[in-house]
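Spelled out from the first residue to the last, the chains are:
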Amino acid sequence: MGVKCRACVAIVFILLLLGSMWLHGNLADHWNTCPKVYSVKNKALSFIRVNSSDDDVAPLRVCPGQRFQIANLLAHLQAAPVSTNDVLLKPYLASWDELIKFLEALGPMVGLISQEIESKTAIIRDLAQKAEKEAEKKMKEKRTHQQMISHNSSSDYSEMNSRLSFGYTSVQSMIKWELENGLVDFHKQTNSGCRTLLRLHRALLWLQNFLLELGKDTTEGEHLRSPSDLCKETYQRTLAHHHSWWVRKAAELAFLAMPERPYFYQLVCVETQTEAAVVLNRVVRAIEEVYERNEVTLQEHSMLDLP
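The model shown is predicted, which means the values in this text are computed figures rather than measured ones. (Residues numbered from 1 in each chain as written. Predicted model: local features only at pLDDT ≥ 70, side-chain atom pairs only at ≥ 80, totals over all residues. Heavy atoms only, no water.)

Colleague: Lay out the overall build of the protein with the relevant residues and their values.
Modeller: In terms of helices and strands, the protein carries 13 helices and 2 strands. If you sum the accessible surface of the protein, you get close to 15800 Å²; carbon and sulfur atoms cover 56% of it. (Helix = DSSP H or I, 4+ residues; strand = E, 2+ residues; numbered from the N terminus. Areas by Shrake-Rupley, 256 points an atom, 1.4 Å probe, with all protein chains shown as cover.)

This is the structure:
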């Protein structure tokens, strides 16, 4: 067997190993086997801000014949922030549904990552469903002990506020609910919504960095870098800090199979890099808003290093 043949076999083996980790949910264990070298200070350095003065007039088109729709992603991201510093979970998870479609569209090797992410969103949705049933039960019990004088708007509004502060409606209500019910463990791994959110939060930082770099336009005479190189570099400075050596190398090999820029243009319904810059910068800014709110909330509750 020649050298090239052996190298190909080795690459295929490592990629299959990565796929197995994603598919069976074992990657979460590898996220915690490496030293915790990714401090809050490093997070701030990894987060790249987009100038808010960028032009937002370009319409986001709906691309016929494809699952991922950049317009849907932006709509969900913009619907997630609520009040001054909270994030609604339903649109947040819906934005992840679109990001999963985005990763899947990049080919089977990169798409393997999406399966682990999808398992994380399923955990939070399952916890939310259980909490919602419990909330409905408690509200029914409360109604039986109250004399309902009228069903005016103020009483309806009061009930709505009660629902917004209960269970898994938002990131802050989820944290409050899980802390009060003893579901968060700061010393060992659990399937709490807070721990799961932290894993999604880290992955969102990687995708924010990647989309920003992918959307950068160039001056005349400069060459655009390949999406494969950009994805690898943004992964190395963000999500890789939470992965073991084997997972990092397998992920970087998977990125080699990433398509070239013309494919991304088609994916976000544009024809040129200039158009792509406008569209992707809008999405990146929406991600920034959501990411920063969750970063502050998790930091306030000392949850940025949950095991």
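Having seen it, we continue.
Colleague: Residue-level account of the packing of aromatic side chains, with values.
Modeller: The description of two aromatic rings rests on the distance between their centres and on the angle between their planes. Applying the stated rule across the entire model yields 8 aromatic pairs. When the centroid spacing of 5.8 Å and the interplanar angle of 35° are considered together, the rings of W206 and F255 count as tilted. Here the residue W206 occupies a position in helix α9 (residues 193-214), and F255 occupies one in helix α11 (residues 245-255), the gap between them amounting to 49 residues. The buried category is assigned to F255, whose relative accessible area is 1%. Measuring from centroid to centroid gives 6.1 Å for F210 and F264, while their planes differ by 70°, and the two rings are edge-to-face. (Phe/Tyr/Trp six-rings, centres within 6.5 Å; stacked < 30°, edge-to-face > 60°. Buried < 20%, exposed > 50% of the residue type's maximum accessible area, 1.4 Å probe, protein only.)

Colleague: Got a sec to walk through the side chain of S228? Specific residues and values, please.
Modeller: Assignment of secondary structure puts S228 in helix α10 (residues 227-236). Excluding anything up to four places from it in sequence, S228 contacts F255, L256 and M258. (Contact = heavy atoms within 4.5 Å.)

Colleague: Would you mind going over unusual backbone geometry in detail, with residue names and values included?
Modeller: A positive phi angle, near 65°, is found at C269, a position not held by glycine. Mapped onto the elements of the fold, C269 is located in the loop between α12 (261-267) and α13 (273-300). If you check the backbone angles, S302 has positive phi at about 55° while not being a glycine. Mapped onto the elements, S302 comes out in the segment after α13. On the accessibility criterion, S302 (55% relative accessible area) is exposed.

Colleague: Give me the environment of V87: which residues, what numbers.
Modeller: Here V87 shows up in strand β2 (residues 86-87). Here the alpha-carbon distance between V87 and V290, two residues 203 residues apart in the chain, equals 6.7 Å. Discounting residues that sit within four places of it in the chain, V87 has contacts with A80, P81, V82, Y92, S170, V171, V290, R293 and N294.

Colleague: Lay out the packing of helix α4 (residues 70-79) against helix α5 (residues 89-104) with the relevant residues and their values.
Modeller: Two measures define how a pair of helices packs: the angle their axes make with one another and the distance between the axes. Where α4 contacts α5, the axes come no closer than 8 Å and their chain directions differ by 160°. The orientation of α4 with respect to α5, classified from their angle, is roughly antiparallel. Crossing of α4 against α5: the hand is left-handed. The residues of α5 that touch α4, namely those facing N72, L73, H76, L77 and A79, are P91, A94, S95, E98 and L99. (Axes fitted to C-alpha atoms, helices over the stretch in contact; angles between N-to-C directions. Parallel < 35°, antiparallel > 145°, perpendicular 65-115°, else oblique. Left-handed = near helix turned anticlockwise from the far one by under 90°.)

Colleague: Quick one: what's the story with α4, residue by residue and with numbers?
Modeller: By the burial criterion, the buried members of α4 are I70, A71, L73, L74 and L77. Down the axis, α4 shows its buried residues gathered within 160° of arc, on one side only. (Arc of directions from axis to C-beta.)

Colleague: Describe the pattern of salt bridges, with residues and values.
Modeller: Within this structure, the stated rule accounts for 10 salt bridges. Put simply, K101 and E98 hold a salt bridge, and the shortest N to O gap is 3.1 Å. Here E98 and K101 lie together in helix α5, a separation of 3 residues that amounts to about one turn. Classification of K101 as partly exposed rests on a relative accessible area of 21%. (Salt bridge = Lys/Arg side-chain N within 4 Å of Asp/Glu carboxyl O.)

Colleague: Break down the state of the cysteines for me, citing the residues and quoting the values.
Modeller: Two cysteines whose sulfur atoms are joined by a covalent bond form what is called a disulfide. Summed over all chains, the structure comprises 1 disulfide. In this model C63 forms its disulfide with C269; the gap between the sulfur atoms is 1.1 Å. Residue C63 is found in the loop between α3 (40-46) and α4, and its partner C269 is found in the loop between α12 and α13; the two are separated by 206 residues along the sequence. C63 gets classed as buried once you look at its relative accessible area, which sits at 7%. (Disulfide = S-S within 2.5 Å.)

Colleague: Give me the lowdown on the confidence of the model for the protein, citing residues and values where you can.
Modeller: Across the protein, the average pLDDT comes to 79, with 72% of residues at 70 or higher. When the criterion is pLDDT under 50, residues 3-14 qualifies, and its contacts beyond four places in sequence or with other chains add up to 5 contacts. Note that pLDDT drops below 50 for residues 48-56; the model gives that stretch 20 contacts with residues more than four away or on any other chain. (pLDDT = per-residue confidence, 0-100.)

Colleague: Please set out the nonpolar core residue by residue, giving values where relevant.
Modeller: Where a protein is soluble and globular, its nonpolar side chains tend to be buried together. Among the nonpolar cores identified, the biggest contains 70 residues, and Y92, W96, F102, L103, W206 and F210 are the most heavily contacted of them. For this core, the element with the highest residue contribution is α9, accounting for 13 residues. Residues in contact with W206, not counting those within four places in the same chain, are L103, I113, C231, T234, Y235, T238, L239 and F255. (Core = buried A, V, L, I, M, F, W, Y, C linked by side-chain atoms within 4.5 Å.)

Colleague: Would you mind going over the environment of R248 in detail, with residue names and values included?
Modeller: Relative to the helices and strands, R248 resides in helix α11. Take R248: its relative accessible area is 24%, and that puts it in the partly exposed class. In the structure, R248 is positioned 16 residues away from K232 in sequence and 9.7 Å away in space, judged by C-alpha atoms. Apart from residues no more than four positions distant in its own chain, R248 is found in contact with Y235, A240 and H243.

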